[in-house]
Amino acid sequence: MVMLKDPSKKYRKFKPLNIPDRQWPSKTIDKVPRWLATDLRDGNQSLVDPMDGEQKWRYFQMLVKLGYKEIEVSFPSSGDTDYNFTRKLVTTPGAVPDDVWLQVLSPCRKELIRRTVDSLKGAKKAILHLYLATSPCFQRIVFGMNNEQSLALAVECTRYARSITKDDPNSGVEEWAYEFSPETFSDSDPDFVLKVCEAVKEAWEPSVENKIIFNLPATVEMSTPNVYADQIEYFCRNISEREKIAVSLHPHNDRGCAVAAAELAQMAGADRVEGTLFGNGERTGNVDLVTLALNLYTQGIHPQIDFSDLNSVIEVVEKSNKIPVHPRAPYGGQLVVCAFSGSHQDAIKKGFVARDAGGNAKEDPWEMPYLPLDPEDIGRTYEAIIRVNSQSGKGGVAWIIKRTLELDLPRGLQVAFSKIVQRETDMLGRELQANEIKDLFVDAYHLNRNPRFSLVDYSITTDRSVSPAPPVAGKTVDSRNLRRLFTGVIEIDGKEHHVTGVGNGALSALANALKNMGIDLDIADYKEHAIEKRDPVTGEKKGRDTQAATYIECTAAGQAQKVWGVGIHEDVVLSSLFALLGAASSFLSSRPSTPVPFRPKRNDTHDVTSSPLSPLRQELNGAPKSTGDASGDIVANLEEKASKSEAREVREQVNGRI
Ligand SMILES: CC(=O)SCCNC(=O)CCNC(=O)[C@H](O)C(C)(C)COP(=O)(O)OP(=O)(O)OC[C@H]1O[C@@H](n2cnc3c(N)ncnc32)[C@H](O)[C@@H]1OP(=O)(O)O
Ligand SMILES: CC(C)C(=O)C(=O)O
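Quick caveat, the model's predicted, so the values are computed rather than measured.

Parameters at a glance
- Residues numbered from 1 in each chain as written.
- Chains lettered and ligands numbered in written order.
- Predicted model: local features only at pLDDT ≥ 70, side-chain atom pairs only at ≥ 80, totals over all residues.
- Heavy atoms only, no water.
- Axes fitted to C-alpha atoms, helices over the stretch in contact; angles between N-to-C directions.
- Helix = DSSP H or I, 4+ residues; strand = E, 2+ residues; numbered from the N terminus.
- Parallel < 35°, antiparallel > 145°, perpendicular 65-115°, else oblique.
- Contact = heavy atoms within 4.5 Å.
- Expected span 1.5 Å × (residues − 1).
- Buried < 20%, exposed > 50% of the residue type's maximum accessible area, 1.4 Å probe, protein only.
- Polar contact = N/O pair within 3.5 Å; in protein donor to acceptor, adjacent residues only side chain to side chain.
- Pairing = 2+ DSSP bridges.
- Left-handed = near helix turned anticlockwise from the far one by under 90°.
- Nonpolar A, V, L, I, M, F, W, Y, C, P; charged D, E, K, R; others polar.
- UniProt positions renumbered as here; feature names shortened; annotations may be inferred.
- Near = heavy atom within 4 Å.
- Core = buried A, V, L, I, M, F, W, Y, C linked by side-chain atoms within 4.5 Å.
- pLDDT = per-residue confidence, 0-100.
- Phe/Tyr/Trp six-rings, centres within 6.5 Å; stacked < 30°, edge-to-face > 60°.
- Lys NZ or Arg CZ within 6 Å of the ring centre and 35° of its normal.
- Disulfide = S-S within 2.5 Å.

Draft legend 1. Seen up close, the packing of helix α13 (residues 394-405) against helix α15 (residues 434-444). Where α13 contacts α15, the axes come no closer than 9 Å and their chain directions differ by 85°. When the interaxial angle is binned, α13 and α15 end up roughly perpendicular. Side by side, α13 and α15 meet where Val397, Ile400, Ile401, Thr404 and Leu405 of the first sit next to Ala434, Ile437, Lys438, Phe441 and Val442 of the second.

Dropping the structure here:
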């Protein structure tokens, strides 16, 4: 057995402070703290391969660009890399903006403090940071010192630091600040910490304008974050000359609560937070500055750090640390702006549709199911939001087709295409990329090339001979009542056929022409809309022209099977004809399971039994003969099958528009 049955002897419960009148629980975070980025020090010291000078340089420039004004750049006494990097920063003109403070860390050892201070000669603004552990555990085990000795060392080193920095006119730095960290604060006696800090403050003599920074680290996270908040509130309430002090936080993430600890401790009175981008740092890491900043942002407070292009930040962080940002890391993780599951995708899609429909501007209130932040604000694209795997539904798939091809699929087609996608994801056992889904759609609905039917030539004329309302003397003919005659050449499986058909509109005329060839399709659903012209294969915009997209759902007379056809063309009539031919092609190709009725009509242009259509007939061989009326037009069929209002809508479209 590895885990103890009773761990209570080995691990003792952390004893919380007793502050019955604590104030922080009813506070909120209303302002941006001072941020200190310690990626180049605490983050760097924890890496398998610490950064070299060049990597540090690039990282530093990024931190400056993001807006950090206090940056812990090194531990100069650790060796040449950090010392030389610090020298390069202060000696390279323009490398450090005038409003940026360079912070450097040293233990309480005089020779190391000297070297640390020397590294900064030439800097405009510098923070010298000393640390000394105050917890009984460290005092006893690491230093072999008692409280008095620790306090004396802290004061002695602060005095020494003062003498070679702000009190030294030849220090070579324009403005000095001082930070002291009672290391292991989270495990220290709060009253002893106060005693040490009072003594250090007295030794440094801060002012209101140039405050001393007391950095109170959860060097190791020991307790629930409310206990850390209590410790911070206790310090803030009891330290004297609070106005001359910046209370700083430095939470580590041993229990996974660093962000919560930092937030509660700000509510408890802290002014400043030290951390790293994406939480790199010793063991489980430092508190993540990206999360803290964007948590503020999503509460309506700009963190004064610009994460507009978070992807490029991730790139630098990953390259420098050689540690990938976790795919589920808040805000930055690859997967956090993605939804795979059907119900999430559906809700997000509806959210975006509602936002678009409301004509919302970028800064209008964000109300989006499942997404706490507009991904666009941090430079992430909507395309990345919805990804498709076997857990996805029609909503996500439709969203991808909308984004890639600008096609607004009717609900029935969403359902049908989603099944095709589902089959593919199940078969491949992996996620499908947006481009793969687009290609699948182009292929399934023959947008690139109809594999079986091709419209070689056609004309649509009015057929007055069959007009339902022949002209009456003295009255003009209502052209809306004229029936249309489709005459054309259709190539089927490489062979040309002359066909004719009559209908209420061009589409129904073609449907009847197909019916005359034995392909008896009824139109069950019809939708069209305009789109910007795009290449159907690459999806790229092709100028400013618009195209029509037509969606037609067909059933074979007397059959349950339904197929969809999609047509895209500048000409709205052609777009619908292509959609019908697409459906016809899909129908024939899927026929073996549900054969198409094949009914040669005696008065047809072609006798299919002896015409070149024979191969087609053979393909259709064995199909049950329909008992339906071969002359019934598509709108009449539709009225039988669809609801009355839908039928009326389609009738208007078919009769009036095409
Ligand atoms: C919580 C933190 O992250 S603190 C920052 C930690 N960062 C680093 O340590 C990175 C850079 N460190 C180094 O390069 C080296 O450790 C150095 C240069 C500081 C010291 O190197 P060495 O002299 O070889 O000492 P070593 O690293 O073995 O041990 C640390 C020594 O410093 C002492 N020490 C540790 N912390 C402190 C402190 N805050 N003040 C004074 N002395 C300290 C230890 O007690 C130990 O002393 P000992 O040798 O008398 O037992
Ligand atoms: C030096 C101090 C602030 C530190 O890194 C820690 O305690 O974690």
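Draft legend 2. Spotlight on helix α17 (residues 572-589). End to end, α17 covers 26 Å across 18 residues, agreeing with the expected 26 Å (1.5 Å per residue, within 8%). Most of α17 sits inside the fold, with 15 of its 18 residues counted as buried. Capping the start of α17 is the job of one residue whose side-chain oxygen sits 2.7 Å from the backbone nitrogen of Val573: Asp571.

Draft legend 3. Expanded view of the sheet that holds strand β9 (residues 453-463). Spatial ordering of the open sheet is given by β9-β10-β11, a layout of three strands whose pairing is antiparallel. The strands lining the two open edges of the sheet, one partner per strand, are β9 and β11 (495-503). Direction aside, the axes of adjacent strands within the sheet are offset by 15° on average. Taken strand by strand, helix α16 (residues 506-516) contacts β9, β10 (483-492) and β11, and its axis lies near 125° from that of β11. Its contacts with the sheet place α17 against β9 and β10, and it is angled at close to 130° to β9.

Draft legend 4. Just the packing of helix α4 (residues 110-118) against helix α6 (residues 147-164), in detail. Taken N-terminus to C-terminus, the directions of α4 and α6 make an angle of 30°; their axes are 10 Å apart at the nearest point. With respect to α6, the element α4 is oriented roughly parallel. Our pair here, α4 against α6, has a crossing hand that is right-handed. Between α4, through Lys110, Ile113, Arg114 and Val117, and α6, the contact on the second element is made entirely by Glu156, Cys157, Tyr160, Ala161 and Ile164. Taken together, the residues that form the contact of α4 with α6 break down as six nonpolar, no polar and three charged.

Draft legend 5. Region of the structure containing the UniProt feature "domain: Pyruvate carboxyltransferase" (unreviewed entry) in the chain. Residues given the UniProt feature "domain: Pyruvate carboxyltransferase" (unreviewed entry) here are residues 33-311. The straight-line gap between the two end C-alpha atoms of residues 33-311 is 24 Å; of that span, 42% is helix and 19% is strand.

Draft legend 6. Representation of the site of ligand 1 within the structure. Lining the immediate environment of ligand 1, one finds 14 residues, of which Gln45, Cys108, Arg109, Tyr131 and Glu183 sit closest. The side chain of Arg41 places a nitrogen or oxygen atom 3.3 Å from an oxygen atom of ligand 1. Between Arg109 and ligand 1, the recorded distance is 3.1 Å, taken from a side-chain N or O atom to an oxygen atom. Contributing elements (two or more residues each) for the shell around ligand 1: α1 (39-45), β3 (101-107), β4 (125-133) and α5 (136-143). For the shell around ligand 1, the per-class residue count stands at eight nonpolar, three polar and three charged.

Draft legend 7. Local environment of the nonpolar core. The biggest cluster of nonpolar side chains holds 97 residues, and the ones touching the most others in it are Phe60, Tyr68, Ile232, Leu277, Phe307 and Leu310. Counting residues per element, this core draws most heavily on helix α7 (residues 190-204), at nine residues. In contact with Phe307, other than residues within four places in its own chain, are Leu66, Tyr68, Leu277, Leu289, Val290, Ala293, Leu294, Val313, Asp377 and Ile378. Ranked by size, the runner-up nonpolar core spans 32 residues in total, among them Ile552, Val563, Leu581 and Leu588.

Draft legend 8. Spatial organisation of α13. In this model, α13 (12 residues) spans 16 Å end to end at C-alpha, consistent with the 16 Å of a helix rising 1.5 Å per residue. With respect to burial, α13 is a largely interior element, nine of its 12 residues being buried. Gly395, Gly396, Val397, Ala398, Trp399, Ile400, Ile401, Thr404 and Leu405 are the residues of α13 that are buried. Positive backbone phi, approximately 60°, marks Glu406, located one or two places after α13.

Draft legend 9. Focus on the side chain of Thr425. With respect to the secondary-structure elements, Thr425 resides in helix α14 (residues 411-428). The contacts of Thr425, once residues within four sequence positions are left out, are Val388, Asn389, Ser390, Arg430 and Leu432.

Draft legend 10. Region of the structure containing unusual backbone geometry. Even without being glycine, Glu205 reaches a positive phi, approximately 55°. For Glu241, which is not glycine, the phi dihedral falls at a positive 50°. By secondary structure assignment, the location of Glu241 is in the loop between α8 (225-238) and β7 (245-251). The exposure class of Glu241 is partly exposed, given its relative accessible area of 33%.

Draft legend 11. Quick peek at the site of ligand 2. Taken together, the residues surrounding ligand 2 are Arg41, Asp42, Leu105, His129, Tyr131, Ser181, Glu183, Asn215, Pro217, Thr219, His250 and His252. Contact between ligand 2 and Thr219: an oxygen atom at 2.6 Å from a side-chain N or O atom of the residue. At 3.2 Å from an oxygen atom of ligand 2 is found a side-chain nitrogen or oxygen belonging to His250. Split into classes, the residues belonging to the shell around ligand 2 amount to three nonpolar, six polar and three charged.

Draft legend 12. Quick look at the confidence of the model for the chain. Taken as a whole, the chain shows an average pLDDT of 88; of its residues, 85% reach a score of 70 or greater. Predicted confidence for residues 593-658 stays below pLDDT 50, and this span has 117 contacts to residues more than four positions away or in other chains. Prediction confidence for the complex, expressed as pTM and ipTM, is 0.80 and 0.98 respectively.

Draft legend 13. Focus on the packing of aromatic side chains. Enumeration according to the criterion identifies 10 aromatic pairs in this entry. Considering the side-chain rings of Phe214 and Phe235, the 6.1 Å spacing of their centres and the 75° angle between planes classify their relative orientation as edge-to-face. Placement of Phe214 in strand β6 (residues 212-218) and of Phe235 in helix α8 is noted, with a sequence separation of 21 residues between them. Across this residue pair, the class does not change: Phe214 and Phe235 are buried. Among the aromatic residues, ring-to-ring pairing joins Phe352, Trp366 and Trp399 into one connected group. The ring of Trp57 has Lys88 lying over it, and the distance from NZ or CZ to the ring centre is 4.4 Å. One cation-aromatic arrangement involves Arg115 over Tyr83; the distance from NZ or CZ to the ring centre is 3.7 Å.

Draft legend 14. View of the state of the cysteines. Under the criterion given, the structure shown has zero disulfides. You can see Cys137 has no disulfide; the closest cysteine sulfur is in Cys108, sitting 18 Å from it. Left unpaired, Cys197 is separated from the closest cysteine sulfur, that of Cys236, by 11 Å. A relative accessible area of 0% means that Cys197 is categorised as buried.

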